[in-house]
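# Descriptive structure summary
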Amino acid sequence: MATTYEKIATQSVSGSSTTNVTFNSISGSYTDLVLIVNAKLAASNNISLRFNSDTASNYSYTYIFGSGTAASSGRASSTTYIYGGSTSTTNYDTHIININNYSNTSTNKTALIQSAVTSIGASAWVGLWRSTSAITSVDVSFLGNIISAGSTFTIYGIKAA
Amino acid sequence: MAITSIKTGSSFTNLTKYDSFLAGNAAYNPSFESIATVTVGSGGSSSITFSSIPSTYTHLQIRGILRSDRGYAQAGNIMRFNSDTGNNYSWHGLVGDGSSASAFDTQGLPSFMYLGEMPAVSGLANTFGTVVIDILDYANTNKYKTVKTLSGNDRNSAGVVGLISGNWRNTAAITSISIKEDVSNLVQYSSLALYGIKGV
């Protein structure tokens, strides 16, 4: 039976100068992408995504966040990134990013992000990239902050029947 | 730290070793298989239905994108099992709409399970909402069925993201699943894929 859920690539951070991780040349042979990030930073900040090297204001996002004492929601329009949850300096925090139908050239692209950040809180995010292009590259950064060694980034492809 | 070995005698030793499920780990994949995919064609469709679902898996997952032709910026999507239109469903939701977080539940037992809001006619063009729906132990005939849905849509001017739990008060094995917009149609390119997850 053909593999349905398979790893495309993994990148592990070493050293102390990495500020972003990019997955290039993503084939269009899957239906969905799932990106799993386990990361710690030198200075806390939000995980942020860009697709196909697009640095223009073509992104937006909406989130819900629970801090342990209160729940809140916020959003932003016409941003230069899709944001996900904050990432801390004390733990390797986890972000799971679902990008469904990433290669459909008739639809804008929407990502669903779940962020589990031990010292800050839990959150869910929905982000939009206003482009009908197939996603062929995904860039993950934390707004210029240095990613700690030992952080891992793995992208999977899910292939529907 | 990667899992590199399992102690002899552990209840986990019969699992199939699989190398690509969790970040950085040689994990034990419960076997994720594609069962069927439905993509709405031109002209739209009143629903997406998966029928004759085999009982050979342990869990189901539905993934995809949805948009409706209702005359709003966004509209609710619903799910039913085994063509049951009775008042046998319930749910709780936690949602954020960009300005506030709120929680809600059903008042009484409705005739469908709520899945969240998807873009509609007056929402940003070409924009679809995304869903990931987990249906656990769907073939167990001793349990009511519980569902977890993560869904959201952002239309640049507004958005909503939510986590919703649902319950179907029936012990029958789930053999069919129907998903639709509450009162209108799903538009072209709406697409859902059904996957089966095998246990040991």
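Cut-offs and rules
Residues numbered from 1 in each chain as written. Chains lettered and ligands numbered in written order. Predicted model: local features only at pLDDT ≥ 70, side-chain atom pairs only at ≥ 80, totals over all residues. Helix = DSSP H or I, 4+ residues; strand = E, 2+ residues; numbered from the N terminus. Rg over C-alpha atoms; globule rule 2.2 N^0.38 Å. Buried ≥ 20, exposed ≤ 12 C-beta atoms within 10 Å, placed from the backbone. Contact = placed C-beta atoms within 7 Å. Pairing = 2+ DSSP bridges. Axes fitted to C-alpha atoms, helices over the stretch in contact; angles between N-to-C directions. Core = buried A, V, L, I, M, F, W, Y, C linked by C-beta atoms within 7 Å.

### Some details on the overall build of chain A
On a plain count of helices and strands, chain A comes out with zero helices and 12 strands. Mapped from its N terminus to its C terminus, chain A presents α and β elements in the order β-β-β-β-β-β-β-β-β-β-β-β. Here chain A has a C-alpha radius of gyration of 15 Å; the compact-globule value for 161 residues is 15 Å, and the two agree. Within chain A, buried positions represent 47% of all 161 residues. Within chain A, residue pairs in contact and separated by at least 24 positions form 77% of the contacts whose partners lie at least 6 positions apart.

### Describing the overall build of chain B
Counting secondary structure elements, chain B contains zero helices and 12 strands. Walking chain B from its N terminus toward its C terminus, one meets helices and strands in the order β-β-β-β-β-β-β-β-β-β-β-β. Burial analysis of chain B (200 residues in total) assigns 43% to the buried set. Contacts in chain B between residues far apart in sequence, at least 24 positions, make up 74% of those at least 6 positions apart.

### Some points on the pairing of strand β11 (residues 177-181) of chain B
Residues and elements named next belong to chain B. The element β11 is largely enclosed, with a buried count of four among its five residues. Note: strand β2 (residues 48-50) against β11, three bridges, orientation antiparallel. By the bridge assignment, I48 is partnered in β11 with I179. Both strand β4 (residues 74-81) and β11 contribute to a ladder of five bridges, which runs antiparallel.

### Notes on the environment of S83 of chain B
Summarising the element assignment, S83 of chain B is placed in the loop between β4 and β5 (89-96). When the C-alpha positions of S83 of chain B and N142 of chain B are compared, they lie 19 Å apart, and in sequence the two are 59 residues distant.

### Overview of the interface of chain B and chain A
One widely used convention gives an interface's size as the accessible area the parts lose upon coming together. On the side of chain A, 46 residues touch chain B, which itself brings 42 residues to the contact. Of all the secondary-structure elements, those providing two or more residues to the side of chain B that touches chain A are β1 (32-39), β3 (59-66), β5, β8 (129-136), β9 (145-154), β10 (159-168) and β12 (191-197) of chain B. With six residues, the top contributor of residues to the side of chain B that touches chain A is β1 of chain B.

### Let's talk about the sheet that holds strand β4 (residues 45-51) of chain A
To summarise the sheet geometry, strands pair through backbone hydrogen bonds and adopt either a parallel or an antiparallel arrangement. All names here are of chain A. In space, the four strands of this open sheet follow the order β2-β11-β4-β7, with antiparallel pairing throughout. Among the strands making up the open sheet, the edge pair consists of β2 (20-23) and β7 (82-87). Going from strand to strand, the sheet's axes swing by 20 degrees on average, the running direction of each strand aside.

### Quick notes on the environment of S72 of chain A
As for its position among the elements, S72 of chain A is in strand β6 (residues 71-79). Given 15 C-beta atoms within a 10 Å radius, S72 of chain A is considered partly exposed. Not counting residues within four places of it along the chain, the set of residues in contact with S72 of chain A comprises F65 of chain A together with A101 of chain B.

### Describing the nonpolar core
Among the nonpolar cores identified, the biggest contains 93 residues, and V138 of chain A together with M113 and L115 of chain B are the most heavily contacted of them. Ranked by residue count, the leading element in this core is strand β3 (residues 32-39) of chain A, at six residues. With near-sequence residues (within four places) excluded, M113 of chain B lies in contact with I78, M79, Y89, W91, V147, G166 and W168 of chain B.

### Here's the deal with the sheet that holds β3 of chain A
Residues and elements named next belong to chain A. Strand order in this open sheet of eight strands is β1-β12-β3-β8-β9-β10-β5-β6, and the pairing throughout is antiparallel. Looking at the sheet topology across the chains shown, the edges are occupied by β1 (5-12) and β6. Going from strand to strand, the sheet's axes swing by 15 degrees on average, the running direction of each strand aside. Note: β3 against strand β8 (residues 93-100), eight bridges, orientation antiparallel. Looking across to β8, one finds that L33 is bridged to I99.

### Concerning unusual backbone geometry
In this structure, S53 of chain A is a non-glycine residue whose phi angle is positive, near 60 degrees. In this fold, S53 of chain A is placed in the loop between β4 and β5 (59-66). You will see that S83 of chain B, though not glycine, has its phi angle at about 60 degrees, which is positive.

### Here we look at the pairing of strand β11 (residues 138-141) of chain A
Residue and element names in this part refer to chain A. Residue alternation in β11 divides its side chains into a buried set, V138 and V140, and an unburied set, D139 and S141. As defined by bridge partners, β2 adjoins β11 across four bridges and the pair is classed as antiparallel. Of the residues in β11, the one forming a bridge with V21 is V140. Two strands pair when backbone bridges link them, and β4 and β11 are joined in this way by four bridges, in the antiparallel orientation. Looking across to β11, one finds that F51 is bridged to V138.

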